[in-house]
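Observations on the model geometry
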Amino acid sequence: MVQMKTVLFHIAVICGFVCAVAKILDWYNPYMDFGGHLAWAGMTGCVAVFLFGVLSISGIIQRDLEMKRTCHRNGMHHHHMKTHYHQVV
Amino acid sequence: MKRKFIVLGADILAAAFILLAVWIINYKIPQKGTQAVPLQKITEVQKNVNLSSDTSGSSLQRTDVVMSEEDWHQKFADKFTDKVVATDTSYTSPNLSVNLTFNSYDTGKLDKSNGGKHEKYGTAISYVLADIYVGDITCLQTAFAQDTYGVGYEEKLTDMSTRMKSILAVNGDSYSNNRHKDNGTIIRNGVIYRSMQSDAETCVLNWDGTMNIYPPKQIDVQQLIKQGAYQSWIFGPSLLDENGKAKKTFYTWDYIRQSHPRTAIGYYEPGHYCLLLVDGRQPSSRGMFPSEMAQLFEQLGCKAAYNLDGGHCSFMTYKAQVVNHPYKPEHQVSDGIFITEGL
């Protein structure tokens, strides 16, 4: 999961940089249409960011669930544990 | 922290590699090449016939040859000479008159656009103006680099000038750099190589010597075939209004509105044209704004004028020698306009 997120992060950075440079080049001559020829990079970047977001949210939910289970086992209310966790962090 | 920077650097390198690969594959590697149809073949056949290209097997349509009823040899008899008379700045023959004027002046105006990047070039401008009379429309020809229509074909203008045996030549509109989906209609020497709408203004020179400039998305190819379109260029903007007055606003993008080296074509009347080459990006000449070019063409008395590709593509050759002062060594171009002795 962490490895997957790292790969997606790098794909997003690379695609973002590629799209930004295409935008600059098209400012000099829009008819060169670098943006059009690199449209796939924009799409790939969007998909990478989306998947990165999904994985991040699912990770947060999973951690929350694990925290709830831990609290349940220790007999604490999970939001006390959460507050305690944030204070520690 | 150091590792993070190294990783970021690797990402940027990967992005640069992708950009380089896309540029080389889509813009630099010659592709979709079609052998140019020689002008001689076109004049031999009848109107509106589909020609089959000998080398590519593709069928290229040509436009109707609607020639001017006026005899330009008579009309401009005082401009032509019985024999070839050539000097360093002029050339006259029974078919042709070319007169070069070298001019420079100080505008007193700095280009402060683009964050002041052009200010270092100062306020001076130098240009070469070629006044041209032709006895026949075929004295004004165009050619593609390597004699091939397509993407990624480039050749030095001096080499093309030698091949075309031209008296005078300038770069064209760099049609192959236009990779936009609406990349316009390309007609060269009466042959239609591309038939698309365009977001740019299109300049059309007809077989009868007249010139029309069409607004974006106003091109009707069937109409161009019927009216006898001989050449078309897609770059722009057009510089004069329908009354020959300098335009105040120009249909182009911000970068082109700055001062740059320029190449432009002007039209006085059928058979009488001018080609303008403005040096730029150097202290002796910063280049022209479109408005300055428009003023110049208005003063010259042109009825229409159209900007072609500029920047490091702006070159003019006279007898296959570069006569302007480009800011970089000679650069390869996609196409050119050639003033020749005709067919």
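Residues numbered from 1 in each chain as written. Chains lettered and ligands numbered in written order. Predicted model: local features only at pLDDT ≥ 70, side-chain atom pairs only at ≥ 80, totals over all residues. Heavy atoms only, no water.

**Side note on the overall build of chain B**
We count it as follows: Only DSSP runs of H or I with at least four residues qualify as helices, and only runs of E with at least two residues qualify as strands; both kinds are numbered from the N terminus onward. Each residue is assigned to one of three classes by its accessible area relative to the maximum for its type, calculated with a 1.4 Å probe on protein chains only: buried under 20%, partly exposed between the two thresholds, exposed over 50%. It only takes one pair of heavy atoms within 4.5 Å for two residues to be counted as in contact. Here, Shrake-Rupley sampling with a 1.4 Å probe gives the accessible areas, and only protein chains in the shown set may cover a residue. When charges are counted, Lys and Arg are positive and Asp and Glu negative, with His and the chain ends excluded. Taken as the charge centre is NZ of Lys, CZ of Arg, CG of Asp or CD of Glu, depending on the residue.
Assigned secondary structure in chain B consists of 8 helices and 23 strands. On the principal axes, the C-alpha backbone points of chain B span a range of 80 × 55 × 35 Å. Counting across all 343 residues of chain B, residues that qualify as buried make up 55%. Partitioning the contacts of chain B with sequence separation of at least 6, the portion at a separation of at least 24 is 70%. Accessible area for chain B stands at about 14900 Å²; split by element, carbon and sulfur atoms hold 52% of it. Across chain B, the centroid of the 34 positively charged side chains sits 9 Å from that of the 36 negatively charged ones.

**A short note on the nonpolar core**
Residue and element names in this part refer to chain B. Selection criterion: Side-chain atoms within 4.5 Å link the members of a nonpolar core, which is a set of buried Ala, Val, Leu, Ile, Met, Phe, Trp, Tyr and Cys residues.
Counting residues in hydrophobic clusters, the biggest one holds 54 residues, and the most contacted among them are L168, Y193, L275 and M316. Take this core: its biggest share by element is 5 residues, from strand β7 (residues 124-134). Apart from residues lying up to four places away in sequence, Y193 is in contact with Q35, A36, V37, L60, F144, Y149, I186 and R188. In terms of nonpolar packing, the next biggest core, distinct from the first, is built from 19 residues, F250, Y268, C274 and F297 among them.

**Some words on the side chain of B:N171**
Residues and elements named next belong to chain B. Note the cut-off: The definition of a polar contact used here is a pair of N or O atoms within 3.5 Å, where within protein one atom must be able to donate a hydrogen and the other to accept one, and adjacent residues in sequence count solely through side-chain atom pairs.
Within the fold, N171 resides in strand β11 (residues 168-171). A residue is classified by how much of its surface remains accessible, and N171, at 1% relative accessible area, is buried. Only 2.7 Å separates the side chain of N171 from the side chain of T263, close enough to count as a polar contact. A polar side-chain atom of N171 sits 2.8 Å from the main-chain carbonyl oxygen of D309. The residues contacting N171, other than those within four sequence positions of it, are L157, T263, L277, L308, D309, C313, S314, F315, V333, D335, G336 and I337.

**Remarks on the interface of chain A and chain B**
Selection criterion: Buried area: the sum, over both parts, of the accessible surface (1.4 Å probe) that disappears when the two are put together. Salt bridge, as used here, is a side-chain nitrogen of Lys or Arg placed within 4 Å of a carboxyl oxygen of Asp or Glu.
Each partner contributes to the interface: chain A provides 17 residues, whereas chain B provides 25 residues. In total, about 2100 Å² of surface goes out of reach between chain A and chain B, with carbon and sulfur atoms giving 72% of it. Its largest share of buried area at the contact with chain B, chain A owes to A:W27, A:Y31 and A:H37, together 34% of the area lost on that side. Where chain A meets chain B, there are 0 salt bridges. In this structure, the connection of chain A to chain B is made through 9 residue pairs in polar contact (both at pLDDT 80 or more).

**Side note on the sheet that holds strand β4 (residues 85-86) of chain B**
Residues and elements named next belong to chain B. Going by this rule: The criterion for strand pairing is that DSSP finds at least two bridges linking the strands in question. With axes taken as lines fitted to C-alpha atoms, and helix axes fitted only over the stretch in contact, angles between N-to-C directions fall between 0 and 180 degrees.
The 7 strands are arranged β4-β5-β6-β7-β18-β17-β19 in an open sheet whose pairing can be described as antiparallel. With partners counted over all chains shown, the strands left at the sheet margins are β4 and β19 (304-307), one partner each. In this structure, strand β17 (residues 262-269) lies alongside β19, joined through 4 bridges in antiparallel fashion. Bridge pairing links Y267 to A304 in β19. Where helix α8 (residues 290-300) meets the sheet, its contacts fall on β7, β17, β18 (272-278) and β19, and the angle it forms with β17 comes to roughly 25°.

**Examining the sheet that holds strand β14 (residues 202-206) of chain B**
Hydrogen bonding along the main chain pairs the strands of a sheet, whether they run parallel or antiparallel. All names here are of chain B. Read from one edge to the other, the open sheet built from 3 strands follows the order β15-β14-β16, with strand pairing classed as antiparallel. Of all the strands in the sheet, just β15 (211-214) and β16 (229-234) have a single pairing partner and so form its edges. Along the sheet, successive strands turn relative to each other by an average axial angle of 20°, direction set aside. Across 4 bridges, the pairing between β14 and β15 is antiparallel. Each residue of the ladder has a partner; that of T202, found in β15, is Y214.

**Focus on the environment of B:Q141**
Residue and element names in this part refer to chain B. Note that Q141 resides in strand β8 (residues 140-144). We classify Q141 as buried; its relative accessible area is 9%. Put simply, Q141 and V191 are 50 residues apart on the chain and 12 Å apart in space, counted from C-alpha to C-alpha. Setting aside residues no more than four positions away along its own chain, Q141 makes contact with L39, M164, N189, Y230, Q231, G336, I337, F338, T340, G342 and L343. Here T138 takes part through its backbone oxygen, which lies 2.9 Å from a polar atom of the side chain of Q141.

**What about the pattern of salt bridges?**
Residue and element names in this part refer to chain B. Here the structure, examined in full by the defined rule, presents 11 salt bridges over all chains. The partner of D335 in a salt bridge is R188, and the shortest N-O contact between them spans 2.7 Å. In this pair, D335 sits in strand β23 (residues 335-339) while R188 sits in strand β12 (residues 186-188), placing the two residues 147 residues apart along the sequence. Residue D335 shares its accessibility class with R188, and that shared class is buried. Here R257 makes a salt bridge to D254, at a shortest N to O gap of 2.8 Å. Linking R257 with D254, this pair stays in helix α7 (residues 254-257), spanning 3 residues, or about one helical turn. Salt bridges here are not isolated pairs; linked through shared partners, they connect E70, K75 and E269.

**Points about α8(B)**
All names here are of chain B. Looking at α8, one finds that the buried residues are P290, E292, M293, A294, L296 and F297. Contacts from the buried residues of α8 go to β7, α7, β17, β18 and β19. In the segment just after α8, G301 is the residue with positive phi, at about 90°.

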